[in-house]
Amino acid sequence: MKSKVYFTRAITPEKVCEAYHRLGVTLPGRVAVKLHSGEQGNQNYITPEFWKPMIDEIGGTVCETNTAYGDASGGVRDHTDSHLKLIDEHGWSKYFAFDLMDAEGEDHIWPIPGGKVLKENHVPNHLTNYDSMLVLAHFKGHPMGGFGGAIKQLAIGCASAKGKALIHSAGLTDDRFECWDKHASKTVFPEAMADAASSIYRHFEGRIGFVSVMKNLSVDCDCCAVAEDPCMADIGILSSLDPVALDQACMDLVMASDDPGREHFMHRVNSRNGIHTIEAAAELGFGSREYELIEF
């Protein structure tokens, strides 16, 4: 059977909740809500006010991790103290329980049986405190991966700083400074992301759901302190239990658009070999590129 992907063109907090309900699941126990909280100076990230009804409904804890990029990027999310300060400034801690999952304790090291590139994933200490996960992804472009969506949130988003370095370097180093000099190729980096994502998905399998919002469609990620403004009009909200089908559906909606900004967006995706992340994830077997799009 094809994976089900639910889609609405209306973009409201209430429609996020409806998209989640379409999945027909109740996430058990303590729920980690994985999202992107936005870099300092970024104008495109999705705000806590938008996500609030959804997070309130499930009583989840908003979860983030420290980044691997250095101070030269202009970002502040690579150090716990400055990251937590930004979390307060962006309003997340005002509304929600918040967990910077690698702020303390040693990483967990999870094996990746059958990984294309990586043999192990380094994940933050607090990740194992959660029984289930809801991934609230902002689908948009990305300077290195071509695009960011559900798979990227599972991969880079759920890795510790050391784990991120391993993904970026395809396993050559867990040093967050060295990894940029040893960065993987445009073929291998997407495969490393797929490997890491597979370990997170399989840990929560049967207890994980995904909602992606296609708005503020910049070619840059929410991790960019200086990001391009959106180049396309907003498209809608999608949800699925299958992160591969979800990212493929988002990509297909961009490619099918007649928006004049589509070519700029897709140039970013294709110049970074971004679709190979979806291809690799499907080959690893934790999702399918074949899906049924159900509009509501």
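Here, every reference points to the structure presented above.
Per chain, the residues get numbers from 1 upward, laid out in the order the sequence is written. Where totals are concerned, whole chains, interfaces and linings use all residues; where local detail is concerned, this predicted model gives features only for residues with pLDDT of at least 70, and gives and counts side-chain atom pairs only at 80 or more. Each side-chain value is worked out from all heavy atoms of the structure, with water and hydrogens disregarded.

**Remarks on the layout of surface pockets**
A volume near 430 Å³ is recorded for the largest pocket. Here a cavity is any set of points on a 1 Å grid over the protein atoms alone where a 1.4 Å probe fits but cannot get out, and a pocket is any open set with protein on both sides within 12 Å along at least 5 of 7 lines; a residue lines the site when it has an atom within 4 Å of a point. As for the largest pocket, its lining consists of 25 residues, of which Thr 67, Tyr 69, His 142, His 168 and Cys 223 are closest to the centre. For the lining of the largest pocket, the secondary-structure elements that each account for two or more residues are helix 5 (150-154) and helix 6 (161-168). In this classification, Asp, Glu, Lys and Arg are treated as charged, Ala, Val, Leu, Ile, Met, Phe, Trp, Tyr, Cys and Pro as nonpolar, and every other residue, Gly included, as polar. When its residues are assigned to classes, the lining of the largest pocket shows 10 nonpolar, 9 polar and 6 charged. Considered as a void within the structure, the second largest pocket measures approximately 200 Å³ in volume. Lining the second largest pocket, in full, are Asn 66, Asp 102, Gly 105, Glu 106, Asp 107, Ile 109, His 122, Ser 160, Ala 161, Lys 162 and Asp 174. Grid points are joined across faces, edges and corners, and a volume is the space filled by probe spheres set on the points. Here a helix means four or more residues in a row that DSSP labels H or I, a strand means two or more in a row labelled E, and each is numbered from the N terminus.

**Regarding helix 10 (residues 275-284)**
Each residue is placed in one exposure class: buried if its accessible area under a 1.4 Å probe, protein chains only, is under 20% of its type's maximum, exposed if it is over 50%, and partly exposed if it falls in between. Buried residues dominate helix 10, accounting for 7 of its 10 residues. Listed in full, the buried residues belonging to helix 10 are Ile 275, His 276, Thr 277, Ile 278, Ala 280, Ala 281 and Leu 284. The contact rule is simple, with two residues in contact once any of their heavy atoms fall within 4.5 Å. Where helix 10 is buried, its residues meet strand 9 (146-148), helix 5, helix 7 (188-204), helix 8 (243-256) and helix 9 (262-271). One or two steps after helix 10, the chain reaches Gly 285, where phi turns positive at roughly 90°.

**Quick word on the pattern of salt bridges**
Here, a salt bridge means any side-chain nitrogen of Lys or Arg that lies within 4 Å of a carboxyl oxygen of Asp or Glu. Under the defined criterion, the tally for this structure stands at 14 salt bridges. A salt bridge links Glu 89 to Lys 85, with the nearest nitrogen and oxygen atoms 2.7 Å apart. Placement of the pair is Glu 89 and Lys 85 together in helix 3 (residues 80-89), with a separation of 4 residues, close to one helical turn. Within this structure, Lys 34, Glu 39, Glu 64 and Arg 77 form a network of salt bridges that share partners.

**So, the side chain of Ser 257**
Within the element layout of this structure, Ser 257 appears in the loop between helix 8 and helix 9. The exposure class assigned to Ser 257 is buried, which follows from its relative accessible area of 15%. At 2.9 Å, the side chain of Ser 257 forms a polar contact with the backbone nitrogen of Asp 259. In this structure, Ser 257 is in contact with Met 232 and Arg 262, ignoring residues within four places of it in sequence. In protein, a polar contact means a hydrogen-donor-capable atom and an acceptor-capable atom, both N or O and within 3.5 Å, with residues adjacent in sequence counting only if both atoms are side-chain atoms; elsewhere, any N or O pair within 3.5 Å suffices.

**Brief notes about the sheet that holds strand 1 (residues 3-8)**
Read from one edge to the other, the open sheet built from 8 strands follows the order 4-3-2-7-10-11-1-12, with strand pairing classed as mixed. Looking at which strands have only one partner, the edges of the open sheet turn out to be strand 4 (98-100) and strand 12 (291-295). Taking each pair of neighbouring strands and ignoring which way they run, the sheet shows an average axis angle of 25°. The sheet contact formed by strand 10 (residues 208-214) and strand 11 (residues 236-240) spans 5 bridges and is antiparallel. By the bridge assignment for strand 11, Met 214 is matched with Gly 236. Where helix 2 (residues 48-58) meets the sheet, its contacts fall on strand 2 (31-34), strand 3 (61-64), strand 7 (132-138) and strand 10, and the angle it forms with strand 7 comes to roughly 170°. In this scheme, strands are said to pair when DSSP sees at least two bridges between them. Between N-to-C directions, angles cover 0 to 180 degrees, with each direction set by a line fitted to C-alpha atoms, over the stretch in contact for helices.

**Quick notes on the nonpolar core**
By size, the foremost hydrophobic cluster in this structure holds 61 residues, and its most contacted members are Met 133, Phe 139, Leu 154, Ile 167, Ile 200, Met 214 and Leu 238. At the level of secondary structure, the elements contributing two or more residues to this core comprise strand 1, strand 7, helix 5, helix 7, strand 10, helix 8, helix 9 and helix 10. Per-element accounting of this core gives the leading share, 9 residues, to helix 7. Beyond its immediate chain neighbours, meaning those up to four positions away, Phe 139 contacts Phe 147, Gly 148, Gly 149, Val 213, Met 214, Lys 215, Leu 217, Asp 247, Cys 250, Met 251, Val 254 and Phe 265. To form a nonpolar core, buried Ala, Val, Leu, Ile, Met, Phe, Trp, Tyr and Cys residues must be joined to one another through side-chain atoms within 4.5 Å.

**Some words on the packing of helix 1 (residues 13-21) against helix 2**
Axes are the key here: two packed helices are described by the angle between their axes and the distance separating the axes. As a packed pair, helix 1 and helix 2 sit with axes 7 Å apart at the nearest point and diverge in direction by 40°. The angle between helix 1 and helix 2 falls in the class oblique. Crossing of helix 1 over helix 2 shows right-handed handedness. Taken together, the residues of helix 2 that come into contact with helix 1 (itself represented by Pro 13, Val 16, Cys 17, Tyr 20 and His 21) are Phe 50, Trp 51, Pro 53, Met 54, Glu 57 and Ile 58. If an angle is under 35 degrees, it is roughly parallel; if it is over 145, roughly antiparallel; if it lies from 65 to 115, roughly perpendicular; otherwise it is oblique. Helix crossings are classified by the rotation of the near helix relative to the far one: an anticlockwise turn of less than a right angle makes the crossing left-handed, while a clockwise turn makes it right-handed.

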